[in-house]
Amino acid sequence: MFYRENGQFKTSYRADQQILPIRQDRIALGLILLVAFLVVPMLASDYLFRAILIPFVIMALAALGVNVLVGYCGQISLGSGAFMAVGAYGAYNFFARMPGLPLIPALILGGLCATFFGILFGLPSLRVKGLYLAVATLAAQFFSDWMFLRIKWFTMDTPSGSVSVSNLQVFGMPIESALSKYLFCLSLLVVIALLAKNLVRSAIGREWMAIRDMDVAASVIGIRPMYAKLTAFAVSSFIVGVAGALWAFVYLGSWEPAAFSVDLSFKLLFMVIIGGLGSIMGSFFGAAFIVVLPIFLNQFLPALLGLVGIEISTAGVAHAELMIFGGLIVWFLIVEPHGLAKLWSTFKQKLRLWPFPH
């Protein structure tokens, strides 16, 4: 069977089922990875790594996990900060109580702790949806804040709940410099993003999307809502938990329960909305926007307003940031629900019209 897509011939279903069936997409992804792994380490400064790149990579991973649940399965969650906290403190307890445990297994175990926590608070999704489910998941946030602040066992009996880690190593190589932290987080992001991309294209991914679009019709055709919803909570919580462990171990180094407050949950949800619901690439766009915009406003907004004779304080910049976020969220929810990922898709469609060798 021969058929043509975007000027490129396909001769089998296997060719059409590739993760990136269009040659231009594969080349673009290869160039992006080349820049991320080779060019950025050669050009970026220590400040750029610590202030922008490392937070962006970890937040992109967390947004990817939230997108699995909210974007692909349609289950509203406001407890992502709690899942990050469980992943961070779970990994910390395994790392501290099992001397010699490598870093990567500790992160995976922290993600598994978040998985069980997510399934527990995902049980209400079997009965409620929409605003009621959002409130149920928000309960996970307040419960985790109380748990890690009041139950001293999770924090090795520290009075304030503040803990720290040091001497991180992967395969005998220290993870201390900003460059090594960036490359480690980026490698995990690439691996997990690839697994997530394959997962949402699989049978379980199609079940998630069927539940998102119309759960009653999905159950009529044989899809089990309980299985689909709880697996979405499990996968999402695992990815978010690993991101939380990275945020604590690699980015913060020392943290307390307030580092995973409800504000972080809202930020992760904003990333998914602005970047694009139901889009792996949208998670990256949303994380980049949320991480870079505050720094951009702090640096350029006072200078820009100064050109027209207007002075703005630091508090004014913070208020402007909130107003911009609020306006963008309303815009992407009402006018363009696919977020920045839709703009990227339109750009790719134009690129595919260019002549390209077959």
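Here goes a summary of the coordinates provided.

Here is what the cut-offs are and how they apply
- Residues numbered from 1 in each chain as written.
- Predicted model: local features only at pLDDT ≥ 70, side-chain atom pairs only at ≥ 80, totals over all residues.
- Heavy atoms only, no water.
- Helix = DSSP H or I, 4+ residues; strand = E, 2+ residues; numbered from the N terminus.
- Buried < 20%, exposed > 50% of the residue type's maximum accessible area, 1.4 Å probe, protein only.
- Contact = heavy atoms within 4.5 Å.
- Areas by Shrake-Rupley, 256 points an atom, 1.4 Å probe, with all protein chains shown as cover.
- Core = buried A, V, L, I, M, F, W, Y, C linked by side-chain atoms within 4.5 Å.
- Salt bridge = Lys/Arg side-chain N within 4 Å of Asp/Glu carboxyl O.
- Axes fitted to C-alpha atoms, helices over the stretch in contact; angles between N-to-C directions.
- Parallel < 35°, antiparallel > 145°, perpendicular 65-115°, else oblique.
- Left-handed = near helix turned anticlockwise from the far one by under 90°.
- Nonpolar A, V, L, I, M, F, W, Y, C, P; charged D, E, K, R; others polar.
- Expected span 1.5 Å × (residues − 1).
- Bend = angle between axes of the 7 residues up to and from the residue.
- Patch = residues over 30% accessible without salt bridge, like charges linked within 9 Å, V, L, I, M, F, W, Y side chains within 5 Å.
- Phe/Tyr/Trp six-rings, centres within 6.5 Å; stacked < 30°, edge-to-face > 60°.
- Lys NZ or Arg CZ within 6 Å of the ring centre and 35° of its normal.
- Polar contact = N/O pair within 3.5 Å; in protein donor to acceptor, adjacent residues only side chain to side chain.

Helices and strands together make up the secondary structure of the chain, namely 14 helices and six strands. In the chain, which comprises 358 residues, the share counted as buried stands at 44%. In the chain, once contacts between residues fewer than 6 apart in sequence are set aside, the share between residues at least 24 apart is 73%. Summed over all atoms, the accessible surface of the chain reaches about 18,100 Å², with 71% contributed by carbon and sulfur.

Here the focus is the nonpolar core. With 97 residues, the main nonpolar core has Phe249 and Trp255 as its most contacted residues. Sorting elements by how many residues they give to this core places helix 3 (residues 46–72) first, with 16 residues. Excluding residues within four positions of it along the chain, Trp255 makes contact with Ala88, Tyr89, Tyr92, Gly161, Ser162, Val163, Ser164, Val165, Ala248, Phe249 and Phe260.

Attention now moves to the pattern of salt bridges. Counted by the stated rule, this structure contains two salt bridges. Of the charged contacts, one joins Arg50 and Asp46 as a salt bridge, the two residues approaching to 3.0 Å between their closest N and O atoms. In this pair, Arg50 and Asp46 are both assigned in helix 3, four residues apart and thus about one turn of the helix distant. A relative accessible area of 36% means that Arg50 is categorised as partly exposed.

As a packed pair, helix 4 (residues 80–97) and helix 5 (residues 103–122) sit with axes 7 Å apart at the nearest point and diverge in direction by 135°. Here helix 4 lies oblique to helix 5, going by the angle between them. Of the two possible hands of crossing, helix 4 and helix 5 adopt the one that is right-handed. Seen from helix 4, the contacting residues are Ala82, Phe83, Val86, Gly87, Gly90, Ala91, Phe94 and Phe95; seen from helix 5, they are Leu103, Ala106, Leu107, Leu109, Gly110, Cys113, Ala114, Phe117 and Gly118. For the contact of helix 4 with helix 5, the per-class residue count stands at 13 nonpolar, four polar and no charged.

To continue, consider helix 12 (residues 280–306). With 27 residues, helix 12 should reach 39 Å at 1.5 Å per residue; the first-to-last C-alpha distance of 39 Å fits that figure. Most pronounced at Phe300, the bend in helix 12 amounts to some 40°, and the proline Pro302 follows within four residues.

Attention now moves to a nonpolar patch on the surface. There is a patch of nonpolar side chains on the surface, built from Ile27, Leu31, Leu34, Leu38, Met42 and Leu43 and spanning about 650 Å² of accessible area. By the secondary structure assignment, Leu31 is in helix 2 (residues 23–43).

Before going further, it helps to spend a moment on the packing of helix 8 (residues 203–213) against helix 10 (residues 225–252). In contact at an axis separation of 9 Å, helix 8 and helix 10 are set at 110° when each is read in the N-to-C sense. Between helix 8 and helix 10, the crossing angle belongs to the class labelled roughly perpendicular. Here Ile204, Glu207, Trp208 and Ile211 of helix 8 lie close against helix 10, whose contacting residues are Pro225, Tyr227, Ala228, Lys229, Thr231, Ala232 and Val235.

This part covers the packing of aromatic side chains. Two aromatic rings, taken as a pair, are described by how far apart their centres are and by the angle between their planes. Under the criterion given, the structure shown has 15 aromatic pairs. Relative to Phe148, the ring of Tyr89 has its centre 4.3 Å away and its plane inclined at 15°; by these criteria the two rings are stacked. Taken together, the residues span a long stretch of sequence, with Tyr89 in helix 4 and Phe148 in helix 6 (residues 131–150) at a distance of 59 residues. Counting every residue linked through ring pairs, the aromatic cluster contains Tyr89, Tyr92, Phe95, Phe148, Trp153, Phe154, Phe249 and Trp255. Over the ring of Trp153 we find Arg97, and its NZ or CZ is 4.0 Å from the ring centre. A cation over an aromatic ring shows up here: Arg224 above the ring of Tyr227, its NZ or CZ 4.5 Å from the ring centre.

With that settled, consider the side chain of Thr231. If you trace the backbone, Thr231 turns up in helix 10. Every residue in contact with Thr231, bar those within four places of it in the chain, is listed here: Ile204 and Trp208.

Once that is clear, we can look at the side chain of Ser279. Relative to the assigned elements, Ser279 resides in the loop between helix 11 (262–275) and helix 12. Take Ser279: its relative accessible area is 15%, and that puts it in the buried class. Within the structure, Ser279 has its side chain in polar contact with the backbone nitrogen of Gly282 (distance 3.0 Å).

Right, let's get into the environment of Gly90. As for its position among the elements, Gly90 is in helix 4. Accessibility expressed as a relative area gives 11% for Gly90, which makes it buried. Sequence separation between Gly90 and Ala245 is 155 residues; the distance between their C-alpha atoms is 8.1 Å. Aside from chain neighbours lying at most four places away, what touches Gly90 is Gly110 and Cys113.

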